[in-house]
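# Summary of structural features
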Amino acid sequence: MAPTVGLKRSATQTITLPPPDARLAVREAVRATIASPPVEAPAAPAKVAAPAPAVDGFLCLEEVDGRRWSYVVDGGTGKGRGRSGAAAPVGASVRAVPLQSPLPPAEEVMAFVRSYVVPEGFPDSVTPSYVPYMTWRALKHFFGGAMGVFTTRTLLSSVGVSQSKVTPGAIAINWILKDGAGRVGKMLFARQGKKFDYDLKQLRFSSDLLLEIGAGIELATAAFPQFFLPMACVANVVKNVAAVTSTSTRTPIYKAYARGENIGDVTAKGESVGNIADLLGTGLSIFISKRNPSLVTSFALLSCGYLLSSYIEVRSVVLNTLNRARFTVAVDSFIKTGHVPSLKEGNSQETVFNPPWRHEPVSIGSRFGEAFQEPASFVATRPLFEDERYMVTYNPAKDKVYALLKDQAKPDDILKAAFHAHVLLHFINASHARKRINSNRADKYGNLPPLNMDFMAHIAESCKIVSSSYGTFKKKAREQGWIMSESLLNPGKARLYATRPQ
């Protein structure tokens, strides 16, 4: 039985939602928020209702990758009142103070190199046999690359390049530089690390898109032969980035289809089908090319078919883990209907293409300075999350909800913080929609309502909703087959500490 959810409208009127069903409680609470005037802050416990403490000096401690910063109040003259009545110096701001000296240049270089050549958490994140395997693999590729110079030069000479005005050595070097640029691009993109696990469907489709872009650049070299080397290098970099992305996401996708210990068989058969289709496509293209069709038209038609097939292929993959995209689908459905979508429904509604310029309304594991731009808002928000291992707030300047994680946050705390952030986002969006309606009405009379929004009431109300509905959300998600024990939400590495620096 879900707890009763109460929304206070005024000093003399309280609406209490019936408790028979958690789904009805969540739905009615959100509907009441959208339909009613701005909700006043509910009656808070004595410790929250009391005057907020003065904002002075130390605020909190933050740690990122073992390095710590202390956030303190900086500047301001006299005393004034911030949001929610917190006493703060007029014009005060937040200043980050590093608690350790900068790393020596040698250590900075080594840390940079390690981020490219070893997995995160090395050596604890891999088995003991990882180091000798990678050592011999690197040595093998070293000899293979050296032999490639001679074999490429020999092959080019054998097909008659030696009769050209350009020497075989120069042509071979240009070709090898092109391949070398591609290998550099593949190595640099490998730094994405765990992102291949978090957003593998999004990255898989992006890799196919990059592959087509690289192929288009290669096709353009026919129009600009004098720029062959730079254009071929760029194309090879793009195609190798696509190759490493496709390879890295292939196994998890095959694993999703395997039942039992047959991942090897599933992978072998999948690669076999791909090779057969590739051979058939190659034969067809050879047959068509003998009729000298338009290169641009042929490339455009084949690219459209390739990308359409890739998009449908990626959307057909059904995963039972919750990354950010699938988690957003599940929470939005639960807030609006009280229903958690099934695995097939959730995966089919997942967004598989996120352009870099797209605005992300929720950030998890954010830095303190991104979420709080004034000390008073932090001091007013902190009491609401004393019993939680996270904090959730809204930054009107960036129109974004931030979930900050504390130092003891576990995977379930990260899930709860993300759930809370989406609930708060729903309240914020409802308030924005109500303000737009009021603005349209006010335009008729020439006076606009104030644009500033006191979001503290929404944060307090979201705490009540989350405390009564998060357990129900987890239960319904498990019933639908979603794995809730491990979080693939890709949170930031920042953690908040309440202790003062020594």
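Residues numbered from 1 in each chain as written. Predicted model: local features only at pLDDT ≥ 70, side-chain atom pairs only at ≥ 80, totals over all residues. Heavy atoms only, no water.

By the naming in an unreviewed UniProt entry, the protein chain is Protein root UVB sensitive 6, taken from Zizania palustris. The Sequence similarities (unreviewed entry) comment attached to the protein chain in UniProt states, word for word, "Belongs to the RUS1 family." (UniProt positions renumbered as here; feature names shortened; annotations may be inferred.)

## A look at the overall build of the protein chain
What the protein chain contains, in helices and strands, is 16 helices and 13 strands. Split into buried and exposed, the 502 residues of the protein chain put 35% on the buried side. Within the protein chain, residue pairs in contact and separated by at least 24 positions form 71% of the contacts whose partners lie at least 6 positions apart. Of the roughly 28800 Å² that the protein chain leaves accessible, carbon and sulfur atoms contribute 60%. (Helix = DSSP H or I, 4+ residues; strand = E, 2+ residues; numbered from the N terminus. Buried < 20%, exposed > 50% of the residue type's maximum accessible area, 1.4 Å probe, protein only. Contact = heavy atoms within 4.5 Å. Areas by Shrake-Rupley, 256 points an atom, 1.4 Å probe, with all protein chains shown as cover.)

## Quick word on the environment of I364
With respect to the helices, strands and loops of the structure, I364 is situated in strand β9 (residues 362–364). Accessibility expressed as a relative area gives 5% for I364, which makes it buried. For the pair I364 and A421, spaced 57 residues apart in sequence, the C-alpha separation works out to 8.3 Å. With residues near it in sequence (within four places) discarded, I364 still touches R324, A403, I414, A418, L489, P491 and G492.

## Structural notes on the nonpolar core
F327, F368, F378, V401, L404, F419 and F473 are the most contacted members of the largest nonpolar core, which has 58 residues in total. With 11 residues, helix α15 (residues 411–443) is the single largest residue contributor to this core. In this structure, F327 is in contact with L322, L415, A418, F419, H422, F473 and L489, ignoring residues within four places of it in sequence. (Core = buried A, V, L, I, M, F, W, Y, C linked by side-chain atoms within 4.5 Å.)

## Structural notes on the sheet that holds strand β11 (residues 400–405)
Taken together, 3 strands build an open sheet; the order of strands is β9-β11-β10 and the sheet is mixed. Edge strands, defined here as strands with exactly one partner in the open sheet, are β9 and β10 (390–395). The average angle at which neighbouring strand axes cross in this sheet is 15°, direction not considered. Examined bridge by bridge, β9 and β11 share 3 bridges and lie parallel to one another. Bridging across to β11, V362 finds its partner in V401. (Pairing = 2+ DSSP bridges. Axes fitted to C-alpha atoms, helices over the stretch in contact; angles between N-to-C directions.)

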